[in-house]
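Topology and contacts: notes
So you can see what is in the structure, the chains are spelled out below.
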Amino acid sequence: MIHIRILRLGHTFIPTSKFLDLLELDEIEKVSFVATKNEEKLFEDLHRTAKFFGKEDIVKQKAVFNFVDLNLLKKVINRFNREFYTDFLVSKIYNFKDFKDNYNFVWIGDNGFDGSNSLVKKAKNFFKIPIYRSYKELCYRKSRLEKDMLVYSDKLILPHEQYLNVFSELYQLDLSGKAYFADLDWRYSKTVEWVKNLEVKKLSYFDNIPHVCILTGRAIWDPSDKLTGNRTYFIDIINDLIKIGAMVHLHAFNIVKNNRSKTVDENNPYLDLAKTGKLIIEPPLNLYAGSKDYSILKRYDAGILHSKLYDELKQTNYLLYKFQQINIPNRFYEYEIADVVPLVEKDSAYYMEQLINQKGFGIVYSDLEDLKNKLWELLDAPQDKLSNIKTFKDFSKVLIQKT
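Residue indices begin from 1 for each chain and proceed along its sequence in written order. Restriction of local features to residues with pLDDT of at least 70 applies here, the model being predicted, together with a cutoff of 80 or more for giving and counting side-chain atom pairs; totals for whole chains, interfaces and linings are based on all residues. To get the side-chain values, take all heavy atoms of the structure and skip hydrogens and water.

1. What about the overall build of the protein?
Along the protein, the regular secondary structure elements total 19 helices and 13 strands. The buried label goes to any residue with under 20% of its type's maximum accessible area, the exposed label to any with over 50%, and the partly exposed label to all in between, with areas taken from a 1.4 Å probe on protein chains only. Counting all 403 residues of the protein, 57% fall into the buried class. A contact between two residues is defined here by any heavy atoms of the two lying within 4.5 Å. Long-range pairs, those at least 24 residues apart, make up 76% of the contacts in the protein with a sequence separation of at least 6. Accessible surface area values rest on a Shrake-Rupley calculation with a 1.4 Å probe, where residue burial reflects the displayed protein chains alone. As displayed, the protein has an accessible area near 18300 Å², and 50% of this comes from carbon and sulfur atoms. Helix and strand labels come from DSSP, where a helix needs a run of H or I of at least four residues and a strand needs a run of E of at least two; each type is numbered from the N terminus.

Next comes the structure, spelled out in structure tokens:
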């Protein structure tokens, strides 16, 4: 039996319970997670899920958690690097010299915006062992660090093949020889199985009206905010759904004017829409194994992935536009395991259209009349549970696969 020891660097994003699939592989001897102190709370999801499924011993035996406490100087350096896309003294922030154990490879995750691109070249030069990079959200602009990351990684794990076309266009790089394909947002296999087996009646069973949910961390109401390409601006799509007679349920942690807003302004158009009785502003959902909130999510017939990407984005931020054409929103995987059919407007997200057609799960609509017809057809369709769901077990097998 091969015994694999992994050093995991980079920023951590929920759900951390997905890492249980990696720890449960027989080939894994040890995974050392290195994260900043303020990320420690994110691993509560892993420990809570391990307890729910009786996997606590696996965590104790195979996982080591190293939380770096950043002093003021390190915080300033870290902020500087993330703001200006540099790798200044990054190896000092994480003290690479403290992690010179006998590892098979270093695994660095996960996105362009979190500063982890700066780790790849430095880690490659310091550790002298293979560097594996999982990568999902791009920088939205040409970046020396992103290019260095692509060049110095010994193995790239990307959500799908179309990422290679974007990198080829940006940097004229042929990465096909070291690119593997799996999505780091795939959920823990046992959580997927548990959610699929929950017996919940759809709200439409009682009133014969399609109930559509919006699952998001933040909902904004300023359509001029270009920071995320209007992905979380839902006013127009809610109005459209109300026009065709659907009920809309908004689950958001924050409802604010724009992505720079720090406080919640109660005078917002979402509250006005709620007065119609056709939009219900629901409490945010905390989705984890054992949570009743999965039963709430499963009540809905369909779910919005994001608003239509405005055409002017192609001119104002071409790289963000390109990314949104290939992106798989995180919420898609929650909809998938909860039997909530994802909705995508035609020509708004190229890869999602392709994925929906491939899986046979989801609705791609051309206009409001088409959406109305397909939503009501959905109510009459048998509630077949999607079975071909990828999990983090599949990602983990790609991760440890020999290059």
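2. Quick word on the sheet that holds strand 2 (residues 28-36)
Strands belonging to one sheet form pairs held by backbone hydrogen bonds; the direction of such a pair is parallel or antiparallel. Strands were regarded as paired on the criterion that DSSP finds at least two bridges between them. Taken together, 7 strands build an open sheet; the order of strands is 3-2-1-4-5-6-7 and the sheet is parallel. The sheet terminates laterally at strand 3 (63-68) and strand 7 (179-181), the two strands that pair on one side only. Strand-to-strand twist of the sheet, defined as the mean angle between neighbouring strand axes without regard to direction, takes the value 20 degrees. The pairing of strand 1 (residues 4-10) with strand 2 spans 5 bridges and is classified as parallel. Among the inter-strand pairings, R8 is bridged to a residue of strand 2, identified as F33. Lines fitted to C-alpha atoms define the axes here, with helix axes fitted over just the stretch in contact, and angles between the N-to-C directions of these axes take values from 0 to 180 degrees. Running at roughly 165 degrees to strand 6 (residues 155-158), helix 19 (residues 392-400) makes contact with strand 1, strand 2, strand 4 (105-109), strand 5 (131-134), strand 6 and strand 7 of the sheet.

3. With respect to the pattern of salt bridges
Pairing is possible between side chains of opposite charge, provided their charged atoms come close. For this document, the term salt bridge refers to a Lys or Arg side-chain nitrogen within 4 Å of an Asp or Glu carboxyl oxygen. Applying the stated criterion across every chain, the model contains 19 salt bridges. Two residues, R144 and D148, come together in a salt bridge whose shortest N-O distance is 3.0 Å. On the criterion of helical spacing, the pair formed by R144 and D148 is a turn pair, its members being 4 residues apart in helix 7 (residues 144-152). Given the relative accessible area of 47%, R144 is considered partly exposed. Accessibility expressed as a relative area gives 14% for D148, which makes it buried. Shared partners join several salt bridges into a network, and the residues in it are K136, D183 and D185.

So yeah, pure geometry; function would need other evidence.
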